[in-house]
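Architecture at a glance
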Amino acid sequence: MSAPVSNAARDVAAGRADAPHTSMLVRMLLRAAVLRRGRAVSALFAMVVAAAVATAMLNLYVDVQAKLRREFRNYGANIILVGKDGASLPASALVQVDSVLAGRGIAAPFGMIVARTGDGQPIVVAGADFNRVRQLNRWWKVSSWPAGPQQALIGVRAAPIVTPKDQAFDLTFQGRVLHVTPAGTVQTGAAEDSRIFISTSDFEAWTGLQASTIEVAASGSPEEIAVIMNQLTRTFPAVDVRPVRQIMEGEARVLGKTRATLLAATALIILTSALCVLSTLMGWVFDRRRDFAIMKALGASGRLLNGFFAAEAAALGAIGALVGFAVGIGIAAWIGRINFHAPVVPRWSVLPVVLAGSMIVTLLSAVLPISLLRRVQPAVILRGE
Amino acid sequence: MFVRLVYESFRRQKRRKVLAGAAITLGVTVATAMIAVATDIGDKINRELRTIGANLIVTPQEDSLDVEIGGVNLKPPTDGAFLNEADLPKIKDIFWRNNITAFAPMLPVNVAIQNDGKQQDVTVLGTYFAKDIQLGKEDFVTGVRTTHPWWKVEGEWPSDNLRDVLVGERLAARLGVKVGGTIDLSGRDLHVSGILSTGGTEDDQIVAPMALAQEILGRPGVVRRIYVSALTKPEDAFGRRDPKSMSGAVYERWYCTPYPAAIALQLTEAIPHSHAEQIRQVAQNEGAMLTRIEGLIFLITLAALFASALAVSAAMATTIFERRAEVGLMKALGAGKLAVAAVFFAEAFLLALFGGLIGFAAGALLADQIGHSIFNSQISIQPVLLPVILAIAVIVTFAGSAAAIRRAIGLDPVFALRGEL
């Protein structure tokens, strides 16, 4: 043995001794990833895409309920408080309702009486808090909302009868006269079209009556709405608290069906992407049967080999799941923005599910080919058969 | 030689071909099912949204104002105009007749009843429950059971042809009426077949077959208003335009689109002396909900198509990569790049065709399953979609194979045969 060679060998040995001590397993994992960059990257890419799609779908599935519930609140009230036998509600009712709701919805009071127009025709006049009505009943088609005192909003069917030329007119209730100017018309296609709406303060000053109805649009799940209804019933023992059943039942039905469709779609998409990962990874592992055979020929135990490929798969699954999670949150937020005009909130509860799912799929796709290869003699594989 | 190469490849490498074929089949199945669901979801959700109630109302044109508070109409019942009951079948005669899912006429009548020796005014609401209407050859069953599905009856729904009535639950509690009891309506002893619960004003009313209400009012053949439930298209900028300002062709297009306003106009034209209008609470919000849900399912369908395209590509890439040695051999024997690529593309084409056909059938079955289990109705897939799906399958398979094929034919036969990369 000549000196230069042994010197070089010694240098290499010294260099290796100085190098940080990494275990053989970690080194093999890193080298496998670096040397076969192309295939490692394509496997990782498949994993990231699958995890991203799964994250986006699960996140949407969890969040879409809240989004659609909010859309459903545009239908208006789902709870109505009515004084028993047409009696007025207590003066503090609205404040109490607001404190029960505590921001979980909106309430609008209505008072209603039958007044007479200048030519003696009976007409329903309602006192309403226009600011609240605007938020509660968004479907009202209003030409112009009243802004000042003694301005009225006239139903489209009432308008040609009470104020054909859009002029100011008088309303009489129990001998008291109210002079109002029309601010605009309201069209709903329902009973509101035959009514006249004036502000709550005008209504109370003119009739001396309080609101007799409070319409409440409570937001939340059916259970949360039931809790709000219970609280309202306890707060107002002398008042009828009724659910608006058509809205509640319709909402439950449409939400249920949409979620079921979404669940079916989610299951299909996750299954497809899991299979995509499975086929890519299995191809990758199968492709490395020579590495496997060499390790085995050099005396690696079955446990070490399993551990090696399992660790590799787990690392791939974890990295893919984390990157995919971030991408998936982005996709979900994008879908939320363009479809619901509100971002979908990231659900961290999805992360462990995606992580565990990814690991299971990657482990499965590593273990399946390995268990096939283990039955084969290394010599056969190395000969390329 | 070319045909033999392809044929032998399928015969000898069954495992690989089955794997790749399975991936394509699965991808096409998911894509077909999602496309079928996405094209039908609008109609399905539209029907579900009909459970919130009718979206159109038809009233007499020259009607006097309703004076209604808390469900009690203070307007004298004989006051104002009526619609003719005989005109009702014309609703199913308009251009969009197939979009009319149901309608229910209403006729409120005030009746004084005796309670504890006191006189009390009660509204009797005449309507159809589930009335059989003859429309030419076909039967059409319509009434509140379809237009107002949230109405619950304890006991039995009355028949439209008998003189049984429903009593609202609050009124029943006040009067002490039970299911199977009788109620005295201005000299008529009527059988109470059920107690009605709606959560609305009907809880204080009596609901009776239309003919009975007309008899009490003394005006046979009249109704006060008609609730119509129609499948509509969400209103967009065009739908909101005023039809009076449109020119001929534009008006035609507006008229022949099932916007709520267009259907309302057709109802107004069909029923003499009437005025139809959308119930904005239902009609407007329905459009918004429909747009949201359709948009959501559309985006998800895109995601599904993307995922299945990727799965197909991945499977193709893997199978081609495994056959490097074969490519090396072909090239060593003198095959040109074109010849090698042609073999692979021909195989990919056959796989895509088979996988596409089976996947299409499986996808149609899957869509039908989804339809039955979620919506209790069929989701049928248009046969027109088959060539489209097959074309997509071929394109995706080609695209997925292209990169792998390019790499395979670029290999040096020496290295490929030795198994080094």
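Residue numbers restart at each chain and count upward from 1, following the sequence in its written direction. The order in which chains are written sets their letters, starting at A; the order in which ligands are written sets their numbers, starting at 1. In keeping with the predicted nature of the model, local features appear solely for residues at pLDDT of at least 70, side-chain atom pairs appear and are counted solely at 80 or more, and the whole-chain, interface and lining totals rest on all residues.

**Quick word on the overall build of chain B**
Basically, it comes down to this: Going along the chain from the N terminus, every DSSP run of H or I of four or more residues is numbered as a helix, and every run of E of two or more is numbered as a strand. In this treatment the radius of gyration is a C-alpha quantity, and the globule benchmark scales as 2.2 Å times the residue count to the 0.38 power. For the exposure call, what matters is how many other C-beta atoms sit within 10 Å of a residue's own: 20 or more marks it buried, 12 or fewer exposed, and in between partly exposed, using C-beta atoms placed from the backbone.
Along chain B, the regular secondary structure elements total 12 helices and 16 strands. Computed over its C-alpha atoms, the radius of gyration of chain B comes to 33 Å, more than 25% above the 22 Å expected for a compact globule of 421 residues. Structurally, chain B occupies a C-alpha span of about 110 × 55 × 40 Å along its principal axes. With 421 residues in all, chain B has 45% of them scored as buried.

**So, the overall build of chain A**
Put simply, the rule is: A pair of residues counts as a contact when their C-beta atoms, built from backbone coordinates, are separated by no more than 7 Å.
The number of helices and strands found in chain A is 13 helices and 10 strands. Overall, the C-alpha framework of chain A stretches about 125 × 40 × 35 Å when taken along its three principal axes. Burial statistics for chain A: of 385 residues in total, 43% are counted as buried. For chain A, long-range pairs separated by at least 24 residues make up 84% of all intrachain contacts whose partners lie at least 6 apart in sequence.

**Structural notes on the domain arrangement of chain B**
Quick reminder of the rule: Start and end positions for the domains come from either an automated domain assignment or a database one.
Considered domain by domain, chain B is made up of domain 1 (2–45 + 289–418) and domain 2 (55–278). Centre-to-centre separation of domain 1 of chain B and domain 2 of chain B, based on C-alpha positions: 54 Å.

**Describing the domain arrangement of chain A**
Under the domain assignment used here, chain A contains domain 1 (22–69 + 254–382) and domain 2 (78–243). Each of domain 1 of chain A and domain 2 of chain A has a C-alpha centre, and the two are 57 Å apart.

**Details of the packing of helix α9 (residues 245–287) of chain A against helix α8 (residues 280–321) of chain B**
Our working definition: Here an axis means a line fitted to C-alpha atoms, over the contact stretch when the element is a helix, while the angle between two N-to-C directions is reported on a 0 to 180 degree scale. Geometric relationships in this document are graded by angle, where less than 35 degrees denotes roughly parallel, more than 145 denotes roughly antiparallel, 65 to 115 denotes roughly perpendicular, and other angles denote oblique. The handedness criterion is simple: a crossing whose near helix is rotated anticlockwise from the far helix by less than a right angle is left-handed, and one whose near helix is rotated clockwise is right-handed. Residues are grouped as follows: Ala, Val, Leu, Ile, Met, Phe, Trp, Tyr, Cys and Pro are nonpolar; Asp, Glu, Lys and Arg are charged; every other residue, Gly included, is polar.
Remark: α9(A) packs on α8(B), axes separated minimally by 8 Å, with the N-to-C direction vectors making an angle of 15°. What the angle tells us is that α9(A) and α8(B) run roughly parallel. The handedness of the crossing between α9(A) and α8(B) is left-handed. Of the residues assigned to the contact of α9(A) with α8(B), the class counts are 19 nonpolar, 9 polar and no charged.

**Some remarks on the packing of helix α4 (residues 93–101) of chain A against helix α8 (residues 222–235) of chain A**
All names here are of chain A. Their axes nearest at 10 Å, the elements α4 and α8 cross at an angle of 145°. Considering the relative orientation of α4 and α8, their crossing is right-handed. Within the contact between the two elements, α4 uses Gln96, Val97, Val100 and Leu101 and α8 uses Ile228, Gln231, Leu232 and Thr235. Across the contact of α4 with α8, the residue classes tally to 5 nonpolar, 3 polar and no charged.

**Examining the environment of A:Ile123**
The topology assignment puts A:Ile123 in strand β3 (residues 122–128). C-alpha of A:Ile123 to C-alpha of A:Ile225: the two residues are 102 residues apart in sequence and 35 Å apart in space. With sequence-adjacent residues up to four places away left out, A:Ile123 is seen in contact with A:Ala115, A:Thr117, A:Ala158, A:Val162, A:Ile196, B:Leu65 and B:Val67.

**Remarks on the interface of chain B and chain A**
Between chain B and chain A, the residue contacts involve 56 residues of the former and 58 residues of the latter. For the side of chain B that touches chain A, the secondary-structure elements that each account for two or more residues are α2 (14–49), β2 (68–69), β16 (274–278), α8 and α10 (337–375) of chain B. Looking at the side of chain B that touches chain A element by element, the count peaks at 23 residues for α8(B). Of the residues that constitute the side of chain B that touches chain A, the class distribution is 35 nonpolar, 14 polar and 7 charged.

**Quick look at helix α5 (residues 210–217) of chain B**
Residue and element names in this part refer to chain B. For α5, a buried count of 6 out of 8 residues is recorded, marking the element as mostly surrounded by other parts of the structure. Looking at α5, one finds that the buried residues are Met210, Leu212, Ala213, Gln214, Ile216 and Leu217. Here the buried face of α5 lies against β5 (100–115), β6 (118–127), β11 (182–185), β13 (206–209) and β14 (222–223). One or two residues past the end of α5 sits Gly218, with phi positive at roughly 80°.

**Observations concerning the confidence of the model for chain B**
Going by this rule: The pLDDT value expresses, per residue, how confident the predictor is, ranging between 0 and 100.
For chain B, the mean per-residue pLDDT works out to 85, and 98% of the residues sit at or above 70. On the interface metric, ipTM, the complex scores 0.81, and its pTM is 0.80.

**Focus: the nonpolar core**
Applicable threshold: By convention in this section, buried Ala, Val, Leu, Ile, Met, Phe, Trp, Tyr and Cys residues joined through C-beta atoms within 7 Å make up a nonpolar core.
Ranked by internal contacts, the top residues of the largest apolar core, which has 222 residues, are B:Leu56, B:Val228 and B:Ala304. If one sorts the elements of this core by residue count, α8(B) sits on top with 21 residues. Beyond its immediate stretch of four places on either side in the chain, B:Ala304 contacts A:Ala265, A:Leu268, A:Ile269, B:Val30, B:Ala31 and B:Met34.

**Digging into the environment of B:Glu169**
All names here are of chain B. Relative to the assigned elements, Glu169 resides in helix α4 (residues 169–175). For the pair Glu169 and Glu154, spaced 15 residues apart in sequence, the C-alpha separation works out to 9.3 Å. Excluding its chain neighbours within four sequence positions, the residues that come into contact with Glu169 are Ile195, Leu196, Ser197 and Asp203.

**Focus on helix α9 (residues 324–332) of chain B**
Each α-helix turn comprises 3.6 residues. Residues three or four places apart therefore point the same way. All names here are of chain B. Rule in force here: The directions considered for the arc are those from the helix axis to the C-beta atoms.
Within α9 the residues assigned to the buried category are Arg324, Val327, Gly328, Met330 and Lys331. With its buried residues spanning 165° around the axis, α9 presents them on a single face. At the exit of α9 stands Gly334, carrying a positive phi of roughly 105°.

**Considering unusual backbone geometry**
All names here are of chain A. The phi dihedral of Gln150 is positive, around 60°, even though this residue is not glycine. Residue position: Gln150 is located in the loop between β4 (141–142) and β5 (151–155). Residue Gln150 is classed as partly exposed on the basis of its C-beta count, with 17 C-beta atoms lying within 10 Å. Even without being glycine, Asp166 reaches a positive phi, approximately 65°. Among the secondary structure elements, Asp166 is positioned in the loop between α6 (159–162) and β6 (169–173). The exposure class of Asp166 is exposed, given the 12 C-beta atoms found within 10 Å.

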